[in-house]
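Take a look at the letters that make up each chain.
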Amino acid sequence: MNAIEITILSIIIMIGLGYFLKRIDFLSENDLDPFNKIVMYILMPCMIFHAIYSADLSLLSKLGILPFVILASSFVTGIVSYFILKQLGLDDKTLWSVLVTVMIANTAFMGYPVTLGIFGQEGFLRAIFCDMATLCIFLVLSFALILKFGGTPKAAVKRITFFPPLWAVILGLGFNFFNIPIGQVLDNTVNYLGQGAIPLIMIALGLSIDFSALKRSKSMIAFTSVMKLAFFPAIAFIVASKIGLVDLQFTISVVEAAMPSGMMSLLLAITYKLDYELTSDCILINTVISLITLPLIIMLL
């Protein structure tokens with residue numbers, strides 16, 4: 001088997017393990033919150049920090065263009081989706097519940113394991129820069145939802161300011177640029193913790209799978225799956241080609257764009273009292289579908 005097949009099968013097995021553990025009542029959906037907190041506040045920041053801290057920052061000027069591909073693809077997909085959903089006559093809460101789902105890609109929770117497994121540390125470093133665009137999109141959508149449904153700009157800024165992966169990027173760049181040593185013990189500790197992020201993410205995804213969502217929201221699930229898993233990466237392919245990206249730069253930007261809907265869209269739906277069950281259904285099902293579409297896109301590239 002090649003690297004793509006090995007990585008995707010490994011991910012499927014870990015997700016399947018999470019689903020199996022839920023089915024036998026060893027774990028439940030109630031365990032998702034502590035799992036996600038451990039990943040978001042400890043393991044993922046360690047993984048990001050270690051990757052950037054040990055990276056060759058001479059590539060920084062080249063990597064800086066990667067967020068633009070994700071940003072452009074997200075906003076084009078969002079604008080097209082908005083006009084289609086308006087034509088369908090959806091109410092505002094339903095419309096925005098779907099819109100956040102197609103605009104936010106899972107560039108971290110799914111993107112990191114896939115790029116690291118298939119493309120190694122070089123691919124993973126590029127995935128981190130793609131994920132910076134997702135943070136920007138999250139902030140823009142937060143302000144848009146505040147204007148639409150109420151809330152405070154201060155709360156949105158605070159949520160982004162204290163977002164642990166963002167600080168992992170800032171600290172990783174700072175420690176690397178100024179050549180600040182952290183010592184062998186701390187380096188090993190951070191590395192070991194970072195290595196725990198991927199399996200825990202995959203098991204948590206398995207715990208969240210609920211196939212009954214297909215019956216509840218099948219039309220919007222179909223719409224978001226097409227827009228997020230096909231249209232979004234197609235736009236990324238065009239944008240990356242037009243700005244002259246090649247080799248790993250080109251491949252990672254399109255692969256990250258092909259990721260399923262991100263869990264941060266569910267956070268927005270809950271925070272601003274949208275139809276979060278619809279958002280959750282769309283995220284979960286197109287995550288499952290992406291296990292088929294991602295290998296196809298990667299092989300085509």
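Use the structure listed above.
Quick caveat, the model's predicted, so the values are computed rather than measured.

**Student:** For this particular structure, what's the right way to read the overall build of the protein chain?
**Tutor:** Helix and strand counts for the protein chain stand at 15 helices and zero strands. Against the 2.2 N^0.38 benchmark of 19 Å for 301 residues, the protein chain shows a C-alpha radius of gyration of 18 Å, consistent with a compact globule. For the protein chain, the spread of C-alpha atoms along the principal axes amounts to about 55 × 50 × 45 Å. By residue count, 53% of the 301 residues in the protein chain fall in the buried class. Within the protein chain, contacts between residues separated by at least 24 positions form 85% of all contacts whose residues are at least 6 apart in sequence.

**Student:** Help me out: how do you make sense of helix α6 (residues 111–149) in this one?
**Tutor:** Each full turn of the α-helix corresponds to 3.6 residues, which orients residues three or four apart in the same direction. With 39 residues, α6 should cover 57 Å at 1.5 Å per step; its first-to-last C-alpha distance of 30 Å lies more than 12% under that length. Along its length, α6 shows its largest kink, about 145°, at Phe 119. Following α6 by one or two positions, Gly 150 has its phi on the positive side, about 95°.

**Student:** Whenever I open this one, the packing of aromatic side chains confuses me. Can you help?
**Tutor:** In this description, a pair of aromatic rings is defined by centroid distance and the angle of the planes. For the coordinates displayed, the defined rule picks out six aromatic pairs. Put simply, the rings of Phe 49, Tyr 53 and Phe 175 pair up and form one aromatic cluster.

**Student:** How should I be thinking about the environment of Met 220 in this particular structure?
**Tutor:** With respect to the helices and strands, Met 220 occurs in helix α12 (residues 218–242). Owing to a relative accessible area of 12%, Met 220 belongs among the buried residues under this scheme. Each C-alpha atom of the pair Met 220 and Leu 85 lies 9.8 Å from the other, and the pair is 135 residues apart in sequence.

**Student:** Help me out: how do you make sense of the nonpolar core in this one?
**Tutor:** Looking at soluble globular proteins, one finds that nonpolar side chains tend to be buried together. Core analysis: the biggest nonpolar cluster contains 100 residues, and Met 44 and Tyr 112 have the highest contact counts within it. Take this core: its biggest share by element is 16 residues, from α6. With residues up to four places along the chain from it excluded, the contact list for Tyr 112 reads Met 44, Met 47, Ile 48, Thr 107, Phe 124, Ala 127, Ile 128 and Asp 131.

**Student:** What's the story with the pattern of salt bridges in this structure? I'm lost.
**Tutor:** It is possible for side chains bearing opposite charge to pair when their charged atoms get close. One pass over the full model with this rule turns up two salt bridges. In this structure, Asp 92 engages Lys 86 in a salt bridge whose closest nitrogen and oxygen atoms are separated by 3.9 Å. Across the pair Asp 92 and Lys 148 runs a salt bridge, and its minimum N-O distance is 3.2 Å. Of this pair, Asp 92 sits in helix α5 (residues 92–103) while Lys 148 sits in helix α6; the two residues are 56 residues apart in sequence, bridging distant segments of the chain. Classification of Asp 92 as partly exposed rests on a relative accessible area of 29%. Residue Lys 148 is classed as partly exposed on the basis of its relative accessible area, which comes to 41%. Each of Lys 86, Asp 92 and Lys 148 takes part in a single network of salt bridges with overlapping partners.

Rules used in this analysis
Residues numbered from 1 in each chain as written. Predicted model: local features only at pLDDT ≥ 70, side-chain atom pairs only at ≥ 80, totals over all residues. Heavy atoms only, no water. Helix = DSSP H or I, 4+ residues; strand = E, 2+ residues; numbered from the N terminus. Rg over C-alpha atoms; globule rule 2.2 N^0.38 Å. Buried < 20%, exposed > 50% of the residue type's maximum accessible area, 1.4 Å probe, protein only. Contact = heavy atoms within 4.5 Å. Expected span 1.5 Å × (residues − 1). Bend = angle between axes of the 7 residues up to and from the residue. Phe/Tyr/Trp six-rings, centres within 6.5 Å; stacked < 30°, edge-to-face > 60°. Core = buried A, V, L, I, M, F, W, Y, C linked by side-chain atoms within 4.5 Å. Salt bridge = Lys/Arg side-chain N within 4 Å of Asp/Glu carboxyl O.

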